[in-house]
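Each chain, written out:
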Amino acid sequence: MRDLDSLDRDDDDSDTVFRDTIMLALAGFVSMVILMLPHLHPRSQAAQEGSTAPGNVIVEVRWPDSLDSDVDLWVQAPGDIPVGYSNKGGAVFNLLRDDLGRRGDATDMNYEVSYSRGIIGGEYTVNVHLYRNSARTYPIPITVVTSVKKTAEESARQILTTKVNLEREGEEVTAYRFKLDADGNLEPGSVHSLFRGLRSWRKMS
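Residues numbered from 1 in each chain as written. Predicted model: local features only at pLDDT ≥ 70, side-chain atom pairs only at ≥ 80, totals over all residues. Heavy atoms only, no water.

**Q** For this particular structure, what's the right way to read the pattern of salt bridges?
**A** Side chains carrying opposite charge are able to pair once their charged atoms draw close together. Evaluated as defined, the whole model comprises six salt bridges. In this structure, the salt-bridge partner of arginine 132 is aspartate 68, at a minimum N-O distance of 3.6 Å. Here arginine 132 is found in strand β5 (residues 122–133), whereas its partner aspartate 68 is found in the loop between β1 (57–62) and β2 (69–76), with 64 residues between them in sequence. The exposure classification of arginine 132 matches that of aspartate 68, with both residues buried. The salt bridge partner of arginine 136 is glutamate 169, with a shortest N-O separation of 3.1 Å. Note that arginine 136 is positioned in the loop between β5 and β6 (140–148) and glutamate 169 in the loop between β7 (157–166) and β8 (172–180), a separation of 33 residues in sequence. The class of glutamate 169 is partly exposed, set by a relative accessible area of 34%. (Salt bridge = Lys/Arg side-chain N within 4 Å of Asp/Glu carboxyl O. Helix = DSSP H or I, 4+ residues; strand = E, 2+ residues; numbered from the N terminus. Buried < 20%, exposed > 50% of the residue type's maximum accessible area, 1.4 Å probe, protein only.)

**Q** Hey, could you run me through a nonpolar patch on the surface in this one?
**A** Side chains of Met23, Leu26, Phe29, Val30 and Ile34 sit close together on the surface and give an oily, nonpolar patch of about 520 Å² of accessible area. Looking at where leucine 26 falls in the secondary structure, it is placed in helix α1 (residues 4–50). On the basis of relative accessibility, which here comes to 47%, the residue leucine 26 falls in the partly exposed class. (Patch = residues over 30% accessible without salt bridge, like charges linked within 9 Å, V, L, I, M, F, W, Y side chains within 5 Å. Areas by Shrake-Rupley, 256 points an atom, 1.4 Å probe, with all protein chains shown as cover.)

Nothing here speaks to function; it is all geometry.
Here is the structure:
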């Protein structure tokens, strides 16, 4: 029979093998993490670059966050169909945020935005429409802002802003119409607010 000393030595050998195995596994894991770090860094840079606002012509509308009101943004680029809540994409513009007031909204912000793909020379139209006003508060003040981002490297530059009031449900107002040249420059003297209906464009065509 084996004596106690030999049993103790066997236990010590087993403990040593177990500790060595754990240390090797830990060292392997640390080595893998160190090897992956250089590859993770460029990916985070790309994510940061991708977080900049997309689009070239950016149209935004804001109204008081305290109001449970559904205001709709409608935009039309040169030679394209109008884009709004019932037609969220055209050849040029896309409606990226359709705000319904407090319905189905995880934020308290009343805000809609459309972005264009590229810059088309010609006249643009920006309208706002009061779809629903559960707040029953009038008038509803709307702030409309248009910015242009000529290249991916540039920051968006605000070119127009205005405030309009919506007085009743169903009302549609032209905030402004303006012309851009092919380089995204605002043409002098081209800004006006002569009404052009966009929401009922299917009926007119």
